[in-house]
Amino acid sequence: MIEGLTGLVITKADKIYNIVRRNANLYFNYYPKVIVYPNNITDVVNAVNWARKKGINIRCRSGGHNYESFSVADDAVVIDVSNLLDFEIDTNKGYIRIGSGYTQEQLYSKLEEYGFAFVGGSCSSIGVSGVTLGGGVGYLQREYGLACDNLVEAQIVDAFGRIITANSHENKDLFAALRGAGSNNFGVVVSLTLKVHPNDKVTVMNAMWPKNSRYEVIQAFQKVGEDLDNRYTIKVTMTKDTILLYGVGVRSTEKEMEKALSLLLKVPNKINYTTKYITFNESVQKRPGFVPTPTGFKITGLLAYKSLGKEPCQIMFNYLDNSPPIQPPINIGFLLLGGKIAENKDLPSAYPHRGAKILVQIDAQWTLNYSMHANDTIRWVNNLRKSLLPYAGFGYLNYCDINISNYLYSYFGNNVPWLKIVKEKYDPYNLFYYPQGI
Ligand SMILES: Cc1cc2nc3c(=O)[nH]c(=O)nc-3n(C[C@H](O)[C@H](O)[C@H](O)COP(=O)(O)OP(=O)(O)OC[C@H]3O[C@@H](n4cnc5c(N)ncnc54)[C@H](O)[C@@H]3O)c2cc1C
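Just so we're clear, the structure is a prediction, and the values are computed from it rather than from any experiment. (Residues numbered from 1 in each chain as written. Predicted model: local features only at pLDDT ≥ 70, side-chain atom pairs only at ≥ 80, totals over all residues.)

Draft legend 1. Region of interest: the site of the ligand. Neighbouring the ligand are 35 residues, the closest being Gly 63, Asn 66, Gly 121, Gly 127 and Gly 130. Broken down by element, the shell around the ligand gets its largest block of residues, four residues, from helix H4 (residues 128-133). Among the residues making up the shell around the ligand, the classes are represented as 12 nonpolar, 21 polar and two charged. (Near = placed C-beta within 6 Å. Helix = DSSP H or I, 4+ residues; strand = E, 2+ residues; numbered from the N terminus. Nonpolar A, V, L, I, M, F, W, Y, C, P; charged D, E, K, R; others polar.)

Draft legend 2. Looking closely at the packing of helix H6 (residues 172-181) against helix H15 (residues 416-426). In the contact formed by H6 and H15, the axes pass within 10 Å of each other and the chain directions differ by 110°. By the criterion of interaxial angle, the relationship of H6 to H15 is roughly perpendicular. At the point where H6 passes H15, the crossing takes the left-handed sense. Of H15, the residues touching H6 (which contributes Asp 173, Leu 174, Ala 177 and Ala 181) are Leu 419, Val 422 and Tyr 426. (Axes fitted to C-alpha atoms, helices over the stretch in contact; angles between N-to-C directions. Parallel < 35°, antiparallel > 145°, perpendicular 65-115°, else oblique. Left-handed = near helix turned anticlockwise from the far one by under 90°. Contact = placed C-beta atoms within 7 Å.)

Draft legend 3. Region of interest: the UniProt feature "domain: FAD-binding PCMH-type" (unreviewed entry) in the protein. In the numbering adopted here, UniProt assigns the feature "domain: FAD-binding PCMH-type" (unreviewed entry) to residues 28-199. For residues 28-199, the end-to-end C-alpha separation is 37 Å, with 25% helix and 28% strand making up the annotated structure. (UniProt positions renumbered as here; feature names shortened; annotations may be inferred.)

Draft legend 4. Seen up close, the sheet that holds strand E14 (residues 272-278). As summarised here, the arrangement of the seven strands in space is E14-E11-E13-E12-E16-E17-E15, forming an open sheet in which the pairing is antiparallel. Because the sheet does not close on itself, it has two edges, and the strands there are E14 and strand E15 (296-304). Sheet twist, expressed as the average angle between the axes of neighbouring strands with direction ignored, equals 15°. As judged from the nine bridges shared by strand E11 (residues 202-210) and strand E13 (residues 242-250), these two strands associate in the antiparallel manner. Looking at the pairing, Trp 209 lines up with Ile 243 of E13. (Pairing = 2+ DSSP bridges.)

Draft legend 5. Local environment of the pairing of strand E17 (residues 358-366). Of all nine residues that make up E17, nine are buried, and the element is covered over most of its length. Burial of E17 is two-sided: the residues Ile 358, Val 360, Ile 362, Ala 364 and Trp 366 facing one way and the residues Leu 359, Gln 361, Asp 363 and Gln 365 facing the other way are all buried. Here nine bridges tie E15 to E17, and the two strands are oriented antiparallel to one another. Paired with Leu 302 across the strands is Val 360, a residue of E17. Where strand E16 (residues 331-336) lies against E17, six bridges are found, and the strand directions are antiparallel. Bridging across to E17, Ile 332 finds its partner in Ile 362. (Buried ≥ 20, exposed ≤ 12 C-beta atoms within 10 Å, placed from the backbone.)

As structure tokens, then:
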């Protein structure tokens, strides 16, 4: 027991400490001073006040999947919200109010009972808070916007220990900041109110081509993306051997989706191809490319505002053809943006890249028996990122990368000055410090 701290409190003296201090990315290995699992808001307030009085930085954690493991640090107070699991739903209005501890998996299955889905990211194990506060791209995005666009209210405990509600009427500045810049910058988010959508069946498309079709597929993908109906969100992912198309269509028959993507599907030499009309939750479980965490990983993202032509494609092919021998193999993905993300450009938020066309994802995840290649792999990702900067750039908070030097501008663009004012108001001590914080 530590005087002043309530909830479940784990210190170095506890056997479980060495398990719970680790995040999903096992490349990092930190030793926090204490890990607090609050059971309610009072426990959060106590933890924040305790940390402030002692002068110790706080790292908030929900799903623990941050790419750079920013939700844990040596000697910090980690406030892990995963026991905050309140749940209320208004099925008439299509809103939920949840504690900030849900993983995507927990929330998808909870919502399925009511026939709703929320707008989140692709992998089930990530935290709803992390994904929403940092933006949130996923397979419903072109129809419903980013995860943070679907945030309608949040409750936070700020650095003074005050409980603050933020929405489009109250504390509007904080509300806008939490949409896309809320990760560990202004306080501990304890609850989220989110817009949810009917959990209809979706059409899911998978197609694969061999390596020598990579360029043609990428060009057709970009061409199709220029005026694709918002109902469809698509991504192509290439490894050194193949290129895979994965797409989700909402309120669409298989035939309609095939028609919308016909130019892409016409690229010759397909190895295999399926379209299926399945439940949304089945689509979530069967998404390709999941590497079960924990693993080691280095992932980065670049935003392309213009189409990617021959030169950047050739750079990526050369890198992939000479990639470190990790398993699973390194992949580069192109997620089509636009649609509702772009249409929401006037929505108050910290996310600046509404005009970007594609999120380029360089994704290296290795099972632990390939850890000896970790440093080479990280160097490889960094070098590839650097080589692509003439063609795509910036960054995206949920794809945070310690190697982005001008990270605030990269993540938030022209929103940085007002975000700094919000930071000053709610966390003037920088109690919620982390290496790429505001
Ligand atoms: C396998 C995998 C798949 C992914 N897929 C996607 C995807 O499809 N779309 C997408 O957009 N991103 C995706 N990501 C990135 C993911 O969105 C981010 O890593 C996200 O930050 C993870 O959230 P988390 O809660 O799991 O992580 P955490 O590490 O717990 O938190 C992430 C950040 O948010 C802060 N934070 C957490 N909880 C709170 C809180 N309650 N209050 C204030 N700050 C808080 C943390 O301090 C940290 O800075 C993926 C990541 C992985 C590893």
